[in-house]
Every structure is written in C-alpha cells, then in structure tokens.
Amino acid sequence: MAAIADPNNDVDFKALADGLDRTLPSYARPIFIRILGKIDITGTFKIKKNELQKDGFDPLKIKDKLYFRFGKEYIPLTSQLYQDILKGIVRIWEFNLET
C-alpha cells in the first residue's frame, strides 16, 4: 500500500498508474492506495507508519479514500470488493500481473 497526502483530491489515477507502470517493475507497484488529507509525523519529522500499517485496507475501519489496482487502473475499494478479496473471489495477483 502507498499513502498519498492529497488535501485537494486532485490525484489523476490514470496518470499515476501509467507513471508507475513506466518506472517500477510489476512487483513493486502498490496494489492499494490510501489518500490522506495530511500525513501525521513525529516530533522528529518521521512519518507515523505504524498507525497506517495497523489499519490495513479495511474500508469499514478507514475513513480515508482507498483504491485498488485493477489491471492498468486504480478503482475505489468498496466494502464488497474488500469482502471479495478476503474470500478469495478476487485474487490480487491475477489483476496485477504484467501483460
């Protein structure tokens, strides 16, 4: 998962996916994207990653917008899609292979 601070909600997910495809190998591309209003940092200016990691990618637990890499694009992660991933109906690796 990657977390992006985007207080204005102006991320172009098509351009993001295209840029990641050009610059990163398939195994390094984030499957989930979390859009944050701001990134919490410590007193020494380090990102508080532990809290983000504990949250995982459960849309019922997280109030931020979540997106899932589906083929060549990012789509919103709905509760139904989340349940399908957990049940194995949607297999993450099948939609994120290099073609």
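Coordinates for the structure precede this section.
These numbers come from a predicted model, not from an experiment. (Residues numbered from 1 in each chain as written. Predicted model: local features only at pLDDT ≥ 70, side-chain atom pairs only at ≥ 80, totals over all residues. Heavy atoms only, no water.)

Draft legend 1. Representation of the nonpolar core within the structure. One finds Phe-32, Ile-62, Leu-66, Phe-68, Leu-77, Leu-81, Tyr-82, Ile-85, Val-90 and Ile-92 forming the largest nonpolar core, which totals 10 residues. Contributing elements (two or more residues each) for this core: β3 (65–70) and α3 (79–87). Among all residues touching Phe-32, those that are not within four sequence positions of it are Met-1, Ala-2, Phe-57, Tyr-67, Phe-68, Leu-77, Ile-85 and Ile-92. In this structure, Ala-17, Ile-33, Tyr-67 and Tyr-74 belong to the second largest nonpolar core, which totals 7 residues. (Core = buried A, V, L, I, M, F, W, Y, C linked by side-chain atoms within 4.5 Å. Buried < 20%, exposed > 50% of the residue type's maximum accessible area, 1.4 Å probe, protein only. Helix = DSSP H or I, 4+ residues; strand = E, 2+ residues; numbered from the N terminus. Contact = heavy atoms within 4.5 Å.)

Draft legend 2. Spatial organisation of helix α1 (residues 13–23). When α1 is considered as a whole, its buried residues turn out to be Phe-13, Ala-17, Gly-19, Leu-20 and Asp-21. On its buried face, α1 is in contact with β2 (32–36), β3 and β4 (73–76). At the N-terminal end of α1, a side-chain oxygen is found 3.2 Å from the backbone nitrogen of Lys-14, two or three residues along, and the residue is Asp-12. (Polar contact = N/O pair within 3.5 Å; in protein donor to acceptor, adjacent residues only side chain to side chain.)

Draft legend 3. Region of interest: the pattern of salt bridges. Taken as a whole and judged by the stated rule, the model has 6 salt bridges. The shortest N-O distance in the salt bridge between Asp-55 and Arg-34 comes to 3.2 Å. Taken as a pair, Asp-55 in helix α2 (residues 49–55) and Arg-34 in strand β2 lie far apart in primary sequence, 21 residues in all. Classification of Asp-55 as partly exposed rests on a relative accessible area of 22%. You can call Arg-34 buried: its relative accessible area is 6%. (Salt bridge = Lys/Arg side-chain N within 4 Å of Asp/Glu carboxyl O.)

Draft legend 4. Main features of the pairing of β4. For β3 and β4, the ladder comprises 4 bridges, and the chain directions are antiparallel. Each residue of the ladder has a partner; that of Arg-69, found in β4, is Tyr-74. (Pairing = 2+ DSSP bridges.)

Draft legend 5. Spotlight on the sheet that holds β4. Strand order in the open sheet made by the 4 strands is β1-β2-β3-β4, with mixed pairing throughout. Each edge of the sheet is formed by a strand with only one pairing partner; in this case those strands are β1 (2–5) and β4. The sheet shows a mean angle of 30 degrees between the axes of neighbouring strands, direction not considered. Sheet analysis places β2 next to β3, joined by 4 bridges and oriented antiparallel. Bridge assignment links Ile-33 to a residue of β3, and that residue is Tyr-67. (Axes fitted to C-alpha atoms, helices over the stretch in contact; angles between N-to-C directions.)

Draft legend 6. Focus on the packing of aromatic side chains. With the rule as written, the count across this model stands at 6 aromatic pairs. Between Phe-13 and Tyr-67, the aromatic rings sit 4.1 Å apart at their centres with planes inclined by 35 degrees, giving tilted as the arrangement. Of this pair, Phe-13 sits in helix α1 while Tyr-67 sits in strand β3, placing them 54 residues apart in sequence. Both residues of the pair, Phe-13 and Tyr-67, belong to the buried class. Both rings, one in Phe-68 and one in Phe-70, keep their centres 6.4 Å apart while their planes meet at 50 degrees; by these two values the pair is tilted. (Phe/Tyr/Trp six-rings, centres within 6.5 Å; stacked < 30°, edge-to-face > 60°.)

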